[in-house]
Amino acid sequence: MAFRIHLLVIYITLFLLSVYHINAFKLEKNLGLKVPSLGFSWENCGPASDPIQIKTLVVAPDPIHVPGNLSLSLVVAIGAALPTDIHVSVTMEKKVGGFYVKVPCIDNFGSCTYGNLCEAWADACPKYFEQFRIPCKCPIPADTYTIPGAVIKIGGHLPSVGAGDYRLTGDLGSSGTHLGCLRLQITLKD
Ligand SMILES: *[C@@H]1O[C@H](CO)[C@@H](O)[C@H](O)[C@H]1NC(C)=O
């Protein structure tokens, strides 16, 4: 449970947003094939006109340990004030035998769409990010925000999809506009 919350908190945080009400996760275990780890990488996957653009993103350790302490450094440019009705559509894929296999949305974990991100952000932000003068309430004003090294405690244990390489794509929008897209490559180990 705690792991799921934190994985997504980390993820959406990258957009200065967060998701929290995530429940049981009941996917079958993968085949356990050993493939070389790819390590952490990231990219903005939306158009350059998106108001949310990540400039720098560093996490340590790599692979990310679950449970463990994750250090996160981030610079994100917000080009226009973000609206209050923000949703994110997450695609989660796990690398199995050299191919990415989509993890379906089950009990709000996996490739799901989440609405009301401003509310979730207001809940999760103060614990980690207020100290860096990151706004914890929407609307988030246009600015360049820097998190120089937040330590996020990841509790719990790996979900049943287990250790390995994942690709996470988050597409953010509001009723009127596309806001941003971030794709992450992460490796999890216990
Ligand atoms: C995370 O850091 C805290 C404080 O330094 C430490 O007490 C805790 O044992 C660490 N947790 C893990 C899982 O390494």
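The rules behind the values
Residues numbered from 1 in each chain as written. Predicted model: local features only at pLDDT ≥ 70, side-chain atom pairs only at ≥ 80, totals over all residues. Heavy atoms only, no water. Helix = DSSP H or I, 4+ residues; strand = E, 2+ residues; numbered from the N terminus. Buried < 20%, exposed > 50% of the residue type's maximum accessible area, 1.4 Å probe, protein only. Contact = heavy atoms within 4.5 Å. Areas by Shrake-Rupley, 256 points an atom, 1.4 Å probe, with all protein chains shown as cover. Salt bridge = Lys/Arg side-chain N within 4 Å of Asp/Glu carboxyl O. Disulfide = S-S within 2.5 Å.

Identification of the protein chain as MD-2-related lipid-recognition domain-containing protein from Adineta steineri is taken from an unreviewed UniProt entry.

## Considerations on the overall build of the protein chain
A count of helical and extended segments in the protein chain gives two helices and ten strands. Walking the protein chain from its N terminus toward its C terminus, one meets helices and strands in the order α-β-β-β-β-β-β-β-α-β-β-β. Residues classed as buried in the protein chain amount to 48% of the 190 residues present. Partitioning the contacts of the protein chain with sequence separation of at least 6, the portion at a separation of at least 24 is 68%. Carbon together with sulfur atoms contributes 55% to the accessible area of the protein chain, which is approximately 8,600 Å² in total.

## Re the pattern of salt bridges
For the coordinates displayed, the defined rule picks out two salt bridges. In this structure, Arg183 engages Glu43 in a salt bridge whose closest nitrogen and oxygen atoms are separated by 3.4 Å. Residue Arg183 is located in strand β10 (residues 178-189), and its partner Glu43 is located in strand β1 (residues 41-44); the two are separated by 140 residues in the primary sequence. You can call Arg183 partly exposed: its relative accessible area is 28%. In this structure Glu43 comes out as partly exposed when scored by relative accessible area, which is 37%.

## As for the state of the cysteines
Taken as a whole, this structure holds four disulfides when the rule is applied. Disulfide partner of Cys45: Cys181, at an S-S distance of 2.0 Å. When the S-S torsion is -80 degrees, as for the bridge of Cys45 with Cys181, the disulfide is left-handed. On the criterion of sequence distance, the pair formed by Cys45 in the loop between β1 and β2 (52-60) and Cys181 in strand β10 is long-range, its members being 136 residues apart. Residue Cys45 is classed as partly exposed on the basis of its relative accessible area, which comes to 24%. Between the sulfur atoms of Cys105 and its disulfide partner Cys112 the distance amounts to 2.0 Å. Its S-S torsion of about 100 degrees marks the bond between Cys105 and Cys112 as right-handed, since a negative value means left-handed. Since its relative accessible area comes to 40%, Cys105 is described here as partly exposed.

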